[in-house]
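Residues per chain are reported as follows:
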Amino acid sequence: MGRRCGIDRSDVVAAINDLAGRGLLVRAPDPANRRRNVISLTDAGADEARRMTATVGRVQDELLAPLSTAERDQLTRLLEHHTRR
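Right, let's walk through the structure included here.

The rules behind each value
Residues numbered from 1 in each chain as written. Predicted model: local features only at pLDDT ≥ 70, side-chain atom pairs only at ≥ 80, totals over all residues. Heavy atoms only, no water. Helix = DSSP H or I, 4+ residues; strand = E, 2+ residues; numbered from the N terminus. Expected span 1.5 Å × (residues − 1). Polar contact = N/O pair within 3.5 Å; in protein donor to acceptor, adjacent residues only side chain to side chain. Contact = heavy atoms within 4.5 Å. Salt bridge = Lys/Arg side-chain N within 4 Å of Asp/Glu carboxyl O. Buried < 20%, exposed > 50% of the residue type's maximum accessible area, 1.4 Å probe, protein only.

### A look at helix α2 (residues 9–21)
Then step 1. Compared with the 18 Å implied by 1.5 Å per residue over 13 residues, the 18 Å span of α2 between its first and last C-alpha is a close match.
Then step 2. Gly23 occupies a position one or two residues after α2 and carries a positive phi of about 75 degrees.

### Side note on the side chain of Thr42
Then step 1. Inspection of the secondary structure assignment puts Thr42 in the loop between β2 (33–41) and α3 (43–63).
Then step 2. In terms of polar contacts, Thr42 uses its side chain to reach the backbone carbonyl oxygen of Gly23, at 2.7 Å.
Then step 3. Not counting the four nearest positions on each side in its chain, Thr42 is found in contact with Gly23, Leu24, Leu25 and Val26.

### Some details on the pattern of salt bridges
Then step 1. The tally for this structure, following the rule as stated, stands at 4 salt bridges.
Then step 2. For Glu48, the salt bridge identified is with Arg51, shortest N-O distance 2.7 Å. In this pair, Glu48 and Arg51 are both assigned in helix α3, 3 residues apart and thus about one turn of the helix distant.
Then step 3. Among the residues examined, Glu48 registers a relative accessible area of 23% and is labelled partly exposed.

Taken by themselves, the reported measurements are silent on function.
The structure is reproduced here in structure tokens:
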């Protein structure tokens, strides 16, 4: 999660603790490696993820409304290229 989101490992632990405390995910020992945890969304977490996805979609549509589809695609490609560096 930290590598994908580009956040420090200690911050990932804090985020997981917060989300677990809010009942949005559960953490369990990995049966294949007891030093690791398996993180799973709860039903409430899945509902929240769907709500957030819909909200992000609406905000992006509003923010990018002045751009054509081709311009949106180009901006997305440029941002993805920038974040991979």
